[in-house]
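# Examining the three-dimensional arrangement
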Amino acid sequence: MKYSIKMRSSQKVNEKDIHLSGAERIVDEKSLMFVLEKLASRALNHSRGEADFINLKINKIKEEDIIRVKALKTRTIKVDNKEEGYRVVAEFLNKIGINNIQKVLNLLLNAINMRGAIILNILSLERMEDDWEKGVRVTNMDYEKEGDIEIKNHYKEALCLATKTLNAKAIVGEICISDDPDYVTGYVATKNEYIRITKLKDKGSFLGGRIFLYDPRLDTLENTISYLENQLVVVYE
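On a predicted model such as this, the values are computed, not experimentally measured, just so you know.

Axis separation between helix α2 (residues 82–96) and helix α3 (residues 101–109) bottoms out at 10 Å; the angle between their running directions is 125°. Relative to α3, the element α2 lies oblique. Crossing angle aside, the handedness with which α2 passes α3 is right-handed. Contacts from Tyr86, Val89, Ala90, Leu93 and Asn94 of α2 reach α3 at Ile101, Val104, Leu105 and Leu109.

The structure is reproduced here in structure tokens:
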């Protein structure tokens, strides 16, 4: 028997709920209580601040509903500062064929406190998600573990999310900066590759955002969002 576990925590600031942390796992029944405890601890001890609200959701899932997807190939580009990192992102966007690169960078650098991602139409550069404050959140996924029940691993979690996301027919690229103030590495990804960029912000910065580059010629927005939010995916190496 397998279970999907989702954790979300937030903090109330000026009567508004500010997203602090989110994580999820797909686990066997024998690991359920251990993982629940660890995710609760993670929500209570986050570098973004003290949580006022923590939600833990558990769903029983069917093994046959899970699809397995091979992890994207990875490489790392080392940069000395965030400005060099932005230039790497700009080169990535140029290769995809996006003309107004600065508009995309501005969206990324101003997507603060969103729980999910921006879906950006690569032809019109219009945002496609209904809720611009929350964005679209990729859920129902995990990285295949072989006896490893590690709870926090920035790299593995990001690679898992990017692999699931780029497996969507109409998502042709992704850009991400972690909102964790202690983690300055970000990434760009295509259907073939996950590229870590060692610095996309200054340490201590709460800046963070994620953009999915959507090609409307490849699939409908409805199908794309349904896959991102609902399809159970386990990523393997």
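Additional details are given in the paragraphs that follow.
When strand β5 (residues 73–77) meets strand β10 (residues 193–197), the two strands line up parallel, connected through 5 bridges. The residue bridging Thr74 from the neighbouring strand is Tyr194, located in β10. Sheet analysis places strand β9 (residues 186–189) next to β10, joined by 4 bridges and oriented antiparallel. Residue pairing for β10: Tyr187 is matched across the bridge by Arg196. Linking β9 to β10, which pair antiparallel, is a turn of 3 residues.

Before going further, it helps to examine helix α4 (residues 154–166). Taking 1.5 Å of rise per residue, 13 residues should cover 18 Å, and α4 covers 18 Å from first to last C-alpha, within 8% of that figure. Among all positions of α4, only Ala158, Leu159, Cys160, Leu161, Ala162, Thr163, Lys164, Thr165 and Leu166 are buried.

Attention shifts here to the sheet that holds strand β11 (residues 209–214). Taken in spatial order, the 6 strands line up as β5-β10-β9-β8-β11-β6 in an open sheet, and their pairing is mixed. The open sheet has two edge strands with one neighbour each: β5 and β6 (118–121). Each strand axis lies, on average, 20° off the axis of its neighbour in the sheet, ignoring direction. On the sheet, α2 packs against β5, β8 (171–177), β9, β10 and β11 and is oriented at approximately 170° with respect to β8. Against the sheet, α4 contacts β5, β8, β9, β10 and β11, and its axis sits at roughly 155° relative to β8.

Criteria and thresholds
Here the residue numbering is sequential within each chain, running from 1 through the sequence in written order. Restriction of local features to residues with pLDDT of at least 70 applies here, the model being predicted, together with a cutoff of 80 or more for giving and counting side-chain atom pairs; totals for whole chains, interfaces and linings are based on all residues. Side-chain measures here rest on the full set of heavy atoms in the structure, leaving out hydrogens and waters. Simply put, an axis is a line fit to the C-alpha atoms, just over the touching stretch for a helix, and the angle between two N-to-C directions goes from 0 to 180 degrees. A run of DSSP states H or I qualifies as a helix once it reaches four residues; a run of E qualifies as a strand once it reaches two. Both are numbered from the N-terminal end. Here roughly perpendicular refers to angles of 65 to 115 degrees, roughly parallel to angles under 35, roughly antiparallel to angles over 145, and oblique to all remaining angles. If you view the pair so one helix is near and one far, a crossing is left-handed when the near helix is turned anticlockwise from the far one by less than a right angle, and right-handed when it is turned clockwise. The contact criterion used is simple: two residues touch if any of their non-hydrogen atoms lie within 4.5 Å. The pairing criterion is simple: DSSP has to find at least two bridges between the two strands. Expected helix span is given by 1.5 Å per residue-to-residue step, counting one fewer step than there are residues. Per-residue accessibility, obtained with a 1.4 Å probe over protein chains only, is compared with the maximum for each type, and a residue is labelled buried under 20%, exposed over 50%, and partly exposed between these values.

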